[in-house]
Every structure is written in structure tokens, then in C-alpha cells.
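# A structural walkthrough
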Amino acid sequence: MTRQGRLAVFRADGNKSIGGGHILRCRTVADELARRGWRVALATDAQTTAHLGAWAVWPEMLVVEQSGGPSPEDCARRWPDGCDLLVTDHYSLDIKFETACRPWANFLFVIDDLGDRAHNCNLLLDQTLGISSDAYLNLVPDGSRLLIGPTFALIRPDFVKLRAASIKQRRLAPNFRRLLIALGLADNGLLLECLVEAISESDPTLSIDVVTGDARTSTSRKGRVTWHGRVGDMASLMATADLGLGAAGTSTWERCCLGLPSLMVILASNQEAIAQAIERAGAGLSLGPANEGLAGRAAAALQHLRSADTSLRTMSRRAAAICDGKGVQRVANAVEALYCDN
């Protein structure tokens with residue numbers, strides 16, 4: 001089968017509880033494969049399409065209403081000729097789901113960052129900084145290839161295009177004037193309001209961009225605070241910020257790609273290891289979990305950075321060294337190598 005005839009089906013979900021990270025990183029891989037001539041398709045649930053809007057609109061789709069999303073049988077009925085590659089990015093799917101897909105999918109590719117369950121796959125990606133391949137030693141079959149660490153971080157092209165200019169401006173003008181607060185596509189409205197109030201009171205001269213993740217694309221300004229709904233060009237907002245305050249999830253690698261220093265909020269248990277690794281690398285500061293003390297810790301961290309003249313410059317340099325933005329090309333090369341090796 002020629003590359004132009006190959007079909008990659010992605011199984012991932014996104015909603016107000018889990019956010020959109022799984023869909024976004026799948027879409028990054030899918031766009032690169034499509035650029036190389038592949039057909040790409042998404043198998044998901046109705047909550048995903050309702051919550052994520054345009055991000056959940058793919059060239060080919062299977063959308064089901066039932067809880068748990070599409071089953072292996074649903075996928076087999078939608079694509080009766082099978083697929084060349086099945087990509088799963090879902091914490092509730094494991095070896096049972098993947099094994100059931102084996103008669104239907106030629107190769108299986110798992111995107112994960114938990115390392116807490118067994119998989120039946122040919123390829124596995126965990127882009128977490130500091131993770132060891134030993135974490136998956138007994139969780140994947142012999143012969144499976146592991147793509148480990150932020151060398152393989154799935155960064156969208158719009159971030160990569162701005163990388164050089166973003167890093168350069170931070171070296172030339174390391175002053176702290178603009179803060180970007182973006183906690184992802186989950187529902188964090190009340191948390192955002194508390195953060196903005198505490199930070200504005202602590203430093204009324206600071207310009208703040210707040211991305212709510214709301215499906216509406218409206219923008220409103222109040223004083224030095226600009227509230228954004230769904231943002232089409234997050235890369236530009238990150239590139240013009242001096243500091244980012246965000247979740248220690250998928251967006252961590254986007255901030256690193258642009259050399260944007262981070263204040264990180266832990267919104268899920270799997271983000272704790274990421275936040276700790278980024279802090280150890282000197283590329284950001286962890287604010288800990290999203291509890292009632294978060295706003296105060298954020299304001300204190302900002303004051304600390306204000307008093308340390310070289311902190312932002314150093315954090316920016318170390319962040320940029322973590323991720324060069326070329327991960328998705330490396331991942332796509334690994335996917336296509338499956339066909340050369342078999």
C-alpha cells in the first residue's frame with residue numbers, strides 16, 4: 001500500500017473535565033501525517049465535539065453518544081477495510097482495548113504520560129521530561145519502540161515558527177511586563193478569577209492576558225486585564241508574554257519551545273511529575289495544586305521574580321533548551337519506519 005493510501009485513526013476524547021490536551025496532541029500528529037499524504041480520522045464521543053468545536057472537526061470522523069466513546073467494534077464498522085495505524089491517547093484505554101483492535105489495525109501507537117498500565121502496541125510516546133524508558137519496561141511487548149522525553153514533544157507548527165523570534169526577544173528584553181494565564185480547555189472559570197484578582201492587587205502595573213478556553217471567541221478588556229475566549233493563535237500570545245502561568249500539561253512543552261518561563265499549576269495528579277521536572281531544570285516554578293491557597297502562592301512567586309533581575313532570562317534559556325519544537329517530525333518518522341521495518 002502506498003503512503004497516500006494509508007489511514008491513521010486516532011482514538012481520543014476531550015471535555016470540560018479532562019480538557020483538550022489529548023485531542024490537541026493527536027491533532028498535531030495527524031496534521032503532520034496528513035502533510036505527508038496520509039488519511040487521518042478521529043474516533044471520539046459527542047462530548048468532545050460539543051466542547052472542542054473546530055479542534056474536533058477532522059476529515060473523517062466517528063462520533064458516538066454512548067459513555068466510554070467508540071468501541072473496537074464501532075471502529076471496525078466505520079472503517080470495514082481496517083486501518084494502517086491506530087493511535088490511542090486516552091487514560092481509560094489499555095491492553096484490553098488495543099488487543100481487541102489488533103485484527104482491525106495493522107500497527108498501534110500509544111500516546112501516554114502515566115506509565116500505569118499495560119499496552120499492546122508497536123510504538124509508545126511519553127514526552128515527559130526526565131522519564132526513563134524503564135518506566136515502560138514491563139508494560140509493552142518485546143520489540144515495541146519507545147519515544148521518551150521532550151525530544152519528541154508534540155509541538156504545533158505555529159509555535160515552531162515563532163521560536164527563534166520569541167527566544168531572541170527574551171534575551172534582549174528580559175523585563176517583566178506581560179503575564180499570560182492559560183489553564184487549558186477544562187472549566188477553570190472560578191480559579192482564573194481568583195488568580196487574576198490576587199495578581200492584579202499584588203502588581204497593578206502588570207498587563208495580564210487570560211485565556212478562558214470558552215468556546216466563544218470573544219475578547220474583553222478591563223483595566224490591564226484582557227479576557228480571551230477560545231484563542232485561534234495561542235502561539236502569538238505566548239510569544240509576546242514575559243511569563244506564562246499555566247497547567248503542567250501539554251502546554252508545558254509549547255511554553256518551553258518558545259522559551260517562555262512558567263509558573264505551573266497542578267490540575268491533575270499526572271502533572272505533578274512534569275512540574276517537578278521543569279522546576280528541577282530551572283525552567284519554571286511549581287505553584288502546587290489548584291487549592292484555595294493557589295492565588296496567594298502565585299502572587300508571592302511573581303513578587304519573587306520581580307526581585308530577582310536575572311531569573312526570567314535564566315528560566316527562558318533553560319526552557320528553550322528542553323524542547324526544540326521538532327518532536328512531531330521525529331514521531332512521524334518513527335511511525336513511517338514501522339512500514340520500513342516490517
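The rules behind each value
Residues numbered from 1 in each chain as written. Predicted model: local features only at pLDDT ≥ 70, side-chain atom pairs only at ≥ 80, totals over all residues. Heavy atoms only, no water. Helix = DSSP H or I, 4+ residues; strand = E, 2+ residues; numbered from the N terminus. Rg over C-alpha atoms; globule rule 2.2 N^0.38 Å. Buried < 20%, exposed > 50% of the residue type's maximum accessible area, 1.4 Å probe, protein only. Contact = heavy atoms within 4.5 Å. Areas by Shrake-Rupley, 256 points an atom, 1.4 Å probe, with all protein chains shown as cover. Axes fitted to C-alpha atoms, helices over the stretch in contact; angles between N-to-C directions. Left-handed = near helix turned anticlockwise from the far one by under 90°. Nonpolar A, V, L, I, M, F, W, Y, C, P; charged D, E, K, R; others polar. Salt bridge = Lys/Arg side-chain N within 4 Å of Asp/Glu carboxyl O. Core = buried A, V, L, I, M, F, W, Y, C linked by side-chain atoms within 4.5 Å. Patch = residues over 30% accessible without salt bridge, like charges linked within 9 Å, V, L, I, M, F, W, Y side chains within 5 Å. Lys, Arg positive; Asp, Glu negative; His and termini not counted. Charge placed at Lys NZ, Arg CZ, Asp CG, Glu CD. Expected span 1.5 Å × (residues − 1). Phe/Tyr/Trp six-rings, centres within 6.5 Å; stacked < 30°, edge-to-face > 60°. Lys NZ or Arg CZ within 6 Å of the ring centre and 35° of its normal. Pairing = 2+ DSSP bridges. pLDDT = per-residue confidence, 0-100.

## Examining the overall build of the protein
The helix and strand inventory of the protein stands at 12 helices and 14 strands. Over its C-alpha atoms the protein spans a radius of gyration of 20 Å, differing by no more than 12% from the 20 Å that the globule rule assigns to 342 residues. The principal-axis extents of the C-alpha atoms in the protein amount to approximately 60 × 35 × 35 Å. Looking at the 342 residues of the protein, the share that counts as buried comes to 56%. Taking the contacts inside the protein whose residues are at least 6 apart along the sequence as the reference set, 58% of them involve residues at least 24 apart. When the accessible surface of the protein is totalled, it reaches about 14,800 Å², and 51% of it is carbon and sulfur.

## Quick look at the packing of helix 6 (residues 189–202) against helix 10 (residues 294–307)
Orientation of helix 6 relative to helix 10, taken along the N-to-C sense of each, is 40 degrees, at an axis distance of 9 Å. You can see that helix 6 and helix 10 cross each other, and the crossing is right-handed. Judged by residue contacts, Leu 191, Cys 194, Leu 195, Ala 198, Ile 199 and Ser 202 of helix 6 engage Leu 294, Ala 295, Ala 298, Ala 299, Leu 302 and Gln 303 from helix 10. When its residues are assigned to classes, the contact of helix 6 with helix 10 shows 10 nonpolar, two polar and no charged.

## Comments concerning the pattern of salt bridges
Counting across every chain of the model gives 15 salt bridges. Between Glu 32 and Arg 36 there is a salt bridge, with its nearest N and O atoms 2.9 Å apart. The burial state of Glu 32 is the same as that of Arg 36; both residues are buried. Among the charged side chains, a network of salt bridges with common partners joins Glu 32, Arg 35, Arg 36 and Glu 336.

## Here we look at the nonpolar core
Looking at soluble globular proteins, one finds that nonpolar side chains tend to be buried together. Ranked by size, the top nonpolar core spans 33 residues in total, and within it Phe 10, Leu 33, Leu 85, Phe 109, Leu 125 and Val 331 carry the most contacts. Looking at this core, the elements with two or more residues in it are strand 1 (7–12), helix 1 (21–35), strand 2 (39–45), strand 4 (83–89), strand 5 (105–111), strand 6 (123–126) and helix 12 (327–340). Per element, the largest residue contribution to this core is seven residues, and it comes from helix 12. For Leu 125, the residues in contact, after removing those within four places along its chain, are Phe 109, Val 110, Ile 111, Asp 112, Leu 147, Phe 152, Leu 154 and Val 331.

## Observations concerning a positive patch on the surface
Among the surface-exposed residues, Arg 171, Arg 313, Arg 317 and Arg 318 lie close enough to one another that they form a single positively charged patch. No other element matches helix 11 (residues 311–322), which puts three residues into the positive patch. With respect to the element layout, Arg 317 can be found in helix 11.

## Structural notes on helix 12
Between its terminal C-alpha atoms helix 12 stretches 20 Å, which fits the 20 Å expected from 14 residues at 1.5 Å a residue. Taken together, the buried positions of helix 12 are occupied by Gly 327, Val 328, Val 331, Ala 332, Ala 334, Val 335, Glu 336, Leu 338 and Tyr 339. Packed against the buried residues of helix 12 are helix 1, strand 4, strand 5, strand 6 and strand 7 (145–148).

## Remarks on the packing of aromatic side chains
The description of an aromatic ring pair uses the distance of the two centres, along with the angle that the planes make with each other. Enumeration according to the criterion identifies three aromatic pairs in this entry. With centroids separated by 5.9 Å and ring planes inclined at 70 degrees, the aromatic side chains of Trp 38 and Tyr 339 adopt a geometry described as edge-to-face. Residue Trp 38 is found in the loop between helix 1 and strand 2, and its partner Tyr 339 is found in helix 12; the two are separated by 301 residues along the sequence. With a relative accessible area of 4%, Trp 38 lands in the buried category. Measuring from ring centre to ring centre gives 4.9 Å for Phe 107 and Tyr 339, while their planes differ by 75 degrees; the resulting arrangement is edge-to-face. Of the two residues, Phe 107 sits in strand 5 while Tyr 339 sits in helix 12, which places them 232 residues apart along the sequence. In terms of burial, Phe 107 and Tyr 339 fall into one category: buried. The rings of Trp 38, Phe 107 and Tyr 339 are connected pair by pair, giving a single aromatic cluster. Against the face of Tyr 339 rests Arg 6, its NZ or CZ located 3.9 Å from the ring centre.

## So, the sheet that holds strand 4
Reading across from one edge, 3-2-1-4-5-6-7 is the order of the seven strands in this open sheet, with parallel pairing throughout. Both outer strands of the open sheet, strand 3 (60–64) and strand 7, are each paired with one neighbouring strand and no more. The sheet shows a mean angle of 15 degrees between the axes of neighbouring strands, taken without regard to direction. The sheet contact formed by strand 1 and strand 2 spans five bridges and is parallel. Bridging from a neighbouring strand, Arg 11 pairs with Ala 43 of strand 2.

## Brief notes about the confidence of the model for the protein
Put simply, the protein has an average pLDDT of 90, and 95% of its residues get 70 or more. No element of the protein has a lower mean pLDDT than strand 10 (residues 219–222), which averages 66, and none a higher one than strand 6, which averages 98.

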